[in-house]
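If you want the building blocks of each chain, they are given just below.
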Amino acid sequence: MRRVKHGERLRVGFTLNGRKLAADAEPRTLLCDFLRHALGATGTHVGCEHGVCGACTVLIDGVATRSCLMLAVQAEGREVKTVESLAAPDGTLNPLQQAFRDNHALQCGFCTPGILMSFTDYLSRNPHASEAEIRDVLSGHLCRCTGYAGIVAAVKEVTKSAP
Amino acid sequence: MKPRPFDYIRPDTVEEALALLAEYGDDARILAGGQSLVPMLNLRIVEAEALIDVSRIAALDSIRDLGEAIEIGAAVTQNKLLAWPQLAEKLPLVAAVLPHVGHFQTRNKGTVCGSVAHADPSSELPLALAVLGGEIVLKSQRGERVLAAKDFQKDMLTTARAGDELIAAVRFPVAQGPGVAFREVARRHGDFAIIAVAAVAENKSSVQLGVGGMAGKPMLRRIAADAAEEAVREWADELEGYEDLHASAAMRRDLLRNLASLAIKEAIRCAA
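Residues numbered from 1 in each chain as written. Chains lettered and ligands numbered in written order. Predicted model: local features only at pLDDT ≥ 70, side-chain atom pairs only at ≥ 80, totals over all residues.

1. Things to note about the overall build of chain B
Moving on, step 1. For chain B, the count of helices and strands is 11 helices and 14 strands.
Moving on, step 2. Taken over the C-alpha trace, chain B has a radius of gyration of 19 Å; the compact-globule value for 272 residues is 19 Å, and the two agree within 12%.
Moving on, step 3. With respect to the principal axes defined by its C-alpha atoms, chain B has extents near 55 × 45 × 35 Å.
Moving on, step 4. When the 272 residues of chain B are sorted by exposure, 51% land in the buried category.
Moving on, step 5. Taking contacts inside chain B between residues at least 6 apart in sequence as the whole, the part at least 24 apart equals 64%. (Helix = DSSP H or I, 4+ residues; strand = E, 2+ residues; numbered from the N terminus. Rg over C-alpha atoms; globule rule 2.2 N^0.38 Å. Buried ≥ 20, exposed ≤ 12 C-beta atoms within 10 Å, placed from the backbone. Contact = placed C-beta atoms within 7 Å.)

Okay, here's the thing in structure tokens:
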């Protein structure tokens with residue numbers, strides 16, 4: 001049994017994008033803040049902080065999750081993936097990212113990391129998703145720049161070239 | 001925006017969780033998926049002295065076929081149930097309802113029992129549980145009790161759960177036939193419904209109808225198919241509805257009349 005008193009700091013460790021990392025947190029520290037402030041992984045953006053906007057979406061053991069609705073301590077021992085895991089080490093974009101760029105699926109880019117992580121999970125389960133299914137997944141995100149059309153086009157492009 | 005400080009405890013077994021609930025009582029909150037609780041903690045709408053995280057208790061993460069009913073454990077997520085291969089056959093109403101519960105991303109973490117525990121008056125899963133006549137399994141160190149859905153949800157965000165009790169599971173009765181229907185109106189897909197209507201055909205001439213969003217909890221009524229329109233109109237007036245940011249009481253009554261008529265026809269058609 002894991003038991004931590006309020007105000008006490010604990011060592012939280014998990015695998016972030018393939019690297020085992022650990023840092024201190026309070027029980028109440030949210031995973032999104034822990035990623036950004038304790039681990040310096042600022043690719044994950046924090047928007048509404050109550051699970052509505054989707055900007056902070058990351059993968060926990062491959063599953064798209066709001067990191068503002070999860071405590072850092074809940075990620076202990078898990079495999080966490082953020083937007084930093086998508087491009088190759090030399091900066092080459094992965095097919096989903098490249099499709100976003102090609103289809104003007106982002107403007108300011110604030111919501112993009114979360115949307116990329118949601119579709120990374122969803123397309124791994126359903127690589128040939130229909131437009132209706134894409135829109136359904138996208139309904140879990142807010143984007144104030146694009147009007148969503150470019151995002152739908154980008155994801156559709158990826159589904160067409162999926163094996 | 002951060003929650004107020006709390007103790008975090010992650011028990012490994014149900015017994016440990018019950019001992020912690022006996023220790024903290026009302027001052028503790030059960031954390032499973034966190035999709036309702038953590039937003040409220042972040043907004044400081046609720047406070048807790050301790051969070052008891054049951055999400056890793058393997059015994060609670062199971063979907064069991066009991067023959068007459070399907071039992072869903074406290075750690076089972078909404079997407080896990082949605083992906084259960086027998087869902088459409090055994091629980092067609094739940095299969096119709098689940099895609100409307102939050103979004104793909106929140107269903108990945110949000111639990112079935114968590115929705116029932118939260119008891120939002122327009123929430124889809126408590127409505128389905130009530131219409132189907134389901135049950136809630138409550139465990140504490142004092143023992144186990146099983147409550148009918150109608151006796152469990154008392155009012156808006158209020159249930160019959162005692163402070164030291166864990167909602168260990170909910171039980172959905174297995175469908176007698178395919179005659180079910182679900183309709184809702186929400187601001188956006190995935191938002192809480194303004195009005196949600198579920199119908200289960202008992203035979204070709206009678207439907208069990210349930211509505212969420214008209215009162216503090218799901219309301220139920222048996223409706224005869226041949227005089228459905230008149231019966232629903234009377235029922236809507238009787239319930240009155242309530243006014244909030246999203247809709248007036250009159251709009252709620254109107255939505256109920258329209259959605260109920262569609263759901264009743266669909267349930268009867270599917271049953272035939």
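2. Concerning helix H1 (residues 14-24) of chain B
A turn of α-helix holds 3.6 residues, and therefore any two residues three or four places apart point the same way.
All names here are of chain B.
Moving on, step 1. Looking at H1, one finds that the buried residues are Ala17, Leu18, Leu20 and Leu21. Along the axis of H1, the buried positions cluster into a sector of 160 degrees, meaning they face one direction only.
Moving on, step 2. Elements that come into contact with the buried residues of H1 comprise strand S1 (7-10), strand S2 (28-31), strand S3 (50-53), strand S6 (135-140) and strand S10 (166-173).
Moving on, step 3. One or two residues past the end of H1 sits Gly25, with phi positive at roughly 60 degrees. (Arc of directions from axis to C-beta.)

3. Considerations on the sheet that holds strand S13 (residues 206-212) of chain B
Residue and element names in this part refer to chain B.
Moving on, step 1. Strand order in the open sheet formed by 4 strands is S11-S12-S13-S14, and the pairing between neighbours is antiparallel. The open sheet has two edge strands, strand S11 (180-186) and strand S14 (219-224), and neither has a second partner. Across the sheet, the axes of successive neighbouring strands diverge by a mean angle of 20 degrees, strand direction being ignored.
Moving on, step 2. Of the strand pairs in this sheet, S11 and strand S12 (residues 193-203) are connected by 7 bridges, and their pairing is antiparallel. When the sheet's bridge partners are listed, Ala181 is paired in S12 with Ala199.
Moving on, step 3. Relative to the sheet, helix H8 (residues 124-132) contacts S12, S13 and S14, its axis offset from that of S12 by approximately 25 degrees. (Pairing = 2+ DSSP bridges. Axes fitted to C-alpha atoms, helices over the stretch in contact; angles between N-to-C directions.)

4. Some points on the domain arrangement of chain A
Residues and elements named next belong to chain A.
Moving on, step 1. Domains assigned within chain A are domain 1 (10-84) and domain 2 (95-160).
Moving on, step 2. Here the C-alpha centre of domain 2 lies 21 Å away from the C-alpha centre of domain 1.
Moving on, step 3. Each side of the interface is counted separately: domain 1 has 14 residues, and domain 2 has 13 residues.
Moving on, step 4. Residue assignment for the side of domain 1 that touches domain 2 shows that the elements contributing at least two residues are strand S4 (57-60) and strand S5 (63-66).
Moving on, step 5. Counting residues per element, the side of domain 1 that touches domain 2 draws most heavily on S4, which supplies 3 residues.
Moving on, step 6. Residue composition of the side of domain 1 that touches domain 2, by class: 8 nonpolar, 6 polar and no charged. (Domains from an automatic or database assignment. Nonpolar A, V, L, I, M, F, W, Y, C, P; charged D, E, K, R; others polar.)

5. What to know about the domain arrangement of chain B
How big an interface is tends to be reported as the loss of accessible area on association of its parts.
Moving on, step 1. Each assigned domain of chain B is listed here: domain 1 (7-53), domain 2 (58-173) and domain 3 (180-271).
Moving on, step 2. Put simply, the middle of domain 1 of chain B and the middle of domain 3 of chain B, counted by C-alpha atoms, are 34 Å apart.

6. Some remarks on the interface of chain A and chain B
Moving on, step 1. Each partner contributes residues to the interface: chain A has 31 residues there, and chain B has 28 residues.
Moving on, step 2. Of all the secondary structure elements, the ones that give two or more residues to the side of chain A that touches chain B are strand S1 (2-4), S5, helix H3 (112-125) and helix H4 (131-138) of chain A.
Moving on, step 3. Top contributing element to the side of chain A that touches chain B by residue count: S5(A), with 4 residues.
Moving on, step 4. Here the residues of the side of chain A that touches chain B sort into 12 nonpolar, 11 polar and 8 charged.
Moving on, step 5. As paired strands, S1(A) and S1(B) are joined by 3 bridges and run antiparallel to one another. Counterpart to Arg3(A) in the pairing with S1(B) is Ile9(B).

7. Focus on unusual backbone geometry
Moving on, step 1. At His104(A), a residue that is not glycine, the phi angle is positive and equals roughly 50 degrees.
Moving on, step 2. In this fold, His104(A) is placed in the loop between helix H2 (95-102) and H3.
Moving on, step 3. A positive phi is found at Leu157(B), a non-glycine position, where the angle reads about 55 degrees.
Moving on, step 4. Among the secondary structure elements, Leu157(B) is positioned in the loop between strand S8 (153-155) and strand S9 (158-159).
Moving on, step 5. Take Leu157(B): there are 17 C-beta atoms within 10 Å of it, and that puts it in the partly exposed class.

8. Regarding the sheet that holds S3(B)
Moving on, step 1. Pairing is mixed in the open sheet, where 4 strands are placed in the order S1(A)-S1(B)-S3(B)-S2(B). Every other strand in the sheet has two partners, leaving S1 of chain A together with S2 of chain B as the edge strands with one partner each. The mean inter-strand angle of the sheet, taken between neighbouring strand axes irrespective of direction, is 15 degrees.
Moving on, step 2. Bridge count for S1(B) against S3(B) is 3 bridges, and the pairing is parallel. Bridge pairing in S3(B) places Ile9(B) opposite Ile52(B).
Moving on, step 3. Across the sheet, H1(B) is in contact with S1, S2 and S3 of chain B; its angle to S3(B) comes to roughly 165 degrees.

9. So, the pairing of S6(B)
Residues and elements named next belong to chain B.
Moving on, step 1. In terms of residue burial, S6 counts as a mostly covered element, since 5 of its 6 residues are buried.
Moving on, step 2. With 6 bridges connecting them, S6 and strand S7 (residues 143-148) associate as antiparallel partners. In the sheet register, Lys139 faces S7, and the bridge partner there is Glu144.
Moving on, step 3. Joining the antiparallel neighbours S6 and S7 is a turn of 2 residues.

10. With respect to the environment of Leu82(B)
Residue and element names in this part refer to chain B.
Moving on, step 1. Summarising the element assignment, Leu82 is placed in helix H3 (residues 78-82).
Moving on, step 2. Spatially, the C-alpha atoms of Leu82 and Ala96 are 9.6 Å apart, while their sequence positions differ by 14 residues.
Moving on, step 3. Leave out the neighbours within four places in its chain, and Leu82 touches Leu87, Leu98 and Arg107.

11. Let's talk about the nonpolar core
All names here are of chain B.
Moving on, step 1. Membership of the largest hydrophobic core comes to 132 residues, with the highest contact counts inside it found for Ile52, Leu93, Val197, Ala198, Ala199 and Ala267.
Moving on, step 2. Of all the elements, helix H11 (residues 249-271) adds the most residues to this core, at 9 residues.
Moving on, step 3. Ala198 has contacts with Leu93, Val97, Leu127, Ala128, Val131, Phe182, Gly210 and Ala263, leaving out every residue within four places of it along the chain. (Core = buried A, V, L, I, M, F, W, Y, C linked by C-beta atoms within 7 Å.)

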